[in-house]
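Structure assessment
So the chains spell out like this:
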Amino acid sequence: MDDKRSASDLTVRLDELAAGLADPDCDVDTLEEIEEQLITAQQRELIPYMEAHLAAAVEAGNWYGRHVLARILAETAGRTSVAALLRAYARNLGDDQDSLATTLYVFAQQDPPAAREILLSCADDSDQDLRRAAIWLLGFVPEPADLNLLAHAAQDSDERIRTAVVGTLGSHGTSPVAIDLLLNLLDDPSTQVRVSVLSSLGFLQKPETLRKIRLLANDDNPQVRAWVAIALGRFPVPEPSDRATSAVLDRLGADPDPYVREQAPKARRLEPRNI
């Protein structure tokens, strides 16, 4: 393609691409050709149009359109596209979004102060999906000052928000405040939140959390009980004197649920495992 191709010509090509992405019968090879043309051109004048088309694709529930347009925007605008990409990422359209998640993580790491300015604003937005996404990404650029925000979000009525909080608190795992917040969330009414906390505490391996982890061996939900065993299995091998942990694993090994019984023996091993 001619590198000097005008922005107006490329705007037409962008419009053609957006229309094609919305058409299930459009030729994929043609779409890929336009995509590569736009990426190669690196025309920053097109950024507002890219953002508009990306937002429209998300609003229409077009996951493939989001994937393609987000890639073009990211390649053209670089880390200045974090706000637009985060808004696109926030909507669940049924795809895995691995590439977009990676792009956001990389851009946030490249310029943490700029990313955090955007994320802190979005974490207080009225859009719950956007809040959840912002809280998630804050976990990759954490600062101690975030703990107040996370403590507030941990009380949110939306369990997706609380689950995102758990993951981000894991990035503050050396902080006693973060550990206390995680321990409090073990009492959360949501099974998913309790499981997420057990996963985080297992990775953090803080001895002071063992007592509360063991208490959840009595949880009504078998998934939670299974994750008690998984979490305990991530700690160093219990000393012979640690009868409390051994007793919990014995009880889980005789649990009425087969998945729980399967996990309990895995927590007993000769050497610590990296999971």
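Residues numbered from 1 in each chain as written. Predicted model: local features only at pLDDT ≥ 70, side-chain atom pairs only at ≥ 80, totals over all residues. Heavy atoms only, no water.

**Focus: the nonpolar core**
Ranked by internal contacts, the top residues of the largest apolar core, which has 84 residues, are Leu-17, Leu-85, Leu-86, Val-165, Leu-169, Leu-198 and Val-228. Here this core gets eight residues from one element, more than from any other, and that element is helix H14 (residues 222-233). (Core = buried A, V, L, I, M, F, W, Y, C linked by side-chain atoms within 4.5 Å. Buried < 20%, exposed > 50% of the residue type's maximum accessible area, 1.4 Å probe, protein only. Helix = DSSP H or I, 4+ residues; strand = E, 2+ residues; numbered from the N terminus.)

**Things to note about the packing of helix H11 (residues 176-185) against helix H12 (residues 191-204)**
Interaxial distance between H11 and H12 falls to 9 Å at its minimum, and their mutual angle equals 140°. Comparing their axes, H12 and H11 come out oblique. In this structure, H11 meets H12 at a crossing whose hand is left-handed. For the pair formed by H11 and H12, the contact residues are Ile-179, Leu-182, Leu-183 and Leu-185 on the first element and Val-193, Arg-194, Val-197, Leu-201 and Leu-204 on the second. (Axes fitted to C-alpha atoms, helices over the stretch in contact; angles between N-to-C directions. Parallel < 35°, antiparallel > 145°, perpendicular 65-115°, else oblique. Left-handed = near helix turned anticlockwise from the far one by under 90°. Contact = heavy atoms within 4.5 Å.)

**Regarding the packing of aromatic side chains**
Under the definition given, this model contains four aromatic pairs. Both rings, one in Trp-63 and one in Tyr-64, keep their centres 5.9 Å apart while their planes meet at 75°; by these two values the pair is edge-to-face. We classify Trp-63 as partly exposed; its relative accessible area is 44%. On the basis of relative accessibility, which here comes to 27%, the residue Tyr-64 falls in the partly exposed class. (Phe/Tyr/Trp six-rings, centres within 6.5 Å; stacked < 30°, edge-to-face > 60°.)

**Digging into the pattern of salt bridges**
Counting across every chain of the model gives 15 salt bridges. Put simply, Arg-71 and Glu-35 hold a salt bridge, and the shortest N to O gap is 2.6 Å. Placement of Arg-71 in helix H4 (residues 63-77) and of Glu-35 in helix H2 (residues 28-41) is noted, with a sequence separation of 36 residues between them. Classification of Arg-71 as partly exposed rests on a relative accessible area of 32%. Judged by its relative accessible area of 8%, Glu-35 falls in the buried class. We note a salt bridge from Arg-131 to Asp-156, for which the minimum N-O separation is 2.6 Å. Here Asp-156 lies in the loop between helix H9 (146-153) and helix H10 (159-169) and Arg-131 lies in helix H8 (residues 128-138), a separation of 25 residues in the sequence. (Salt bridge = Lys/Arg side-chain N within 4 Å of Asp/Glu carboxyl O.)

**Some words on the confidence of the model for the chain**
Overall, the predicted model of the chain reaches an average pLDDT of 92, with 94% of residues at or above 70. Element-level mean pLDDT values for the chain span from 92 in helix H15 (residues 243-253) up to 98 in helix H5 (residues 82-90). Overall, residues 270-275 carries pLDDT values under 50, and its contacts beyond four positions in sequence, including any with other chains, amount to nine contacts. (pLDDT = per-residue confidence, 0-100.)

**Focus: the environment of Arg-71**
Remark: the alpha-carbon pair of Arg-71 and Leu-100, spanning 29 residues in sequence, is separated by 7.8 Å. Excluding anything up to four places from it in sequence, Arg-71 contacts Glu-35, Glu-36 and Ile-39.

**Description of the side chain of Arg-214**
Topologically, Arg-214 is positioned in helix H13 (residues 210-215). Excluding its chain neighbours within four sequence positions, the residues that come into contact with Arg-214 are Leu-232, Asp-242, Ala-244, Thr-245 and Val-248.

**Concerning helix H3 (residues 47-59)**
Here H3 spans 18 Å end to end across 13 residues, near enough to the 18 Å set by a 1.5 Å rise per residue. The secondary structure elements touched by the buried residues of H3 are helix H1 (7-21), H4 and H5. Positive phi appears at Gly-61, one or two residues downstream of H3, with a value of about 75°. (Expected span 1.5 Å × (residues − 1).)

**Let's talk about the packing of H15 against helix H16 (residues 258-266)**
Taken N-terminus to C-terminus, the directions of H15 and H16 make an angle of 145°; their axes are 7 Å apart at the nearest point. Relative to H16, H15 is oriented so that their crossing is left-handed. The segment H15 lies against H16, with Leu-249, Leu-252 and Gly-253 engaging Val-260, Arg-261 and Ala-264. Of the residues contributing to the contact of H15 with H16, the split by class is four nonpolar, one polar and one charged. (Nonpolar A, V, L, I, M, F, W, Y, C, P; charged D, E, K, R; others polar.)

**Digging into unusual backbone geometry**
Notably, Gln-42 is not glycine yet its phi reads approximately 55°, a positive angle. With respect to the helices and strands, Gln-42 occurs in the loop between H2 and H3. Positioned with a positive phi, Gln-97 is a non-glycine residue whose angle comes to about 60°. Structurally, Gln-97 is set in the loop between H5 and helix H6 (98-110).

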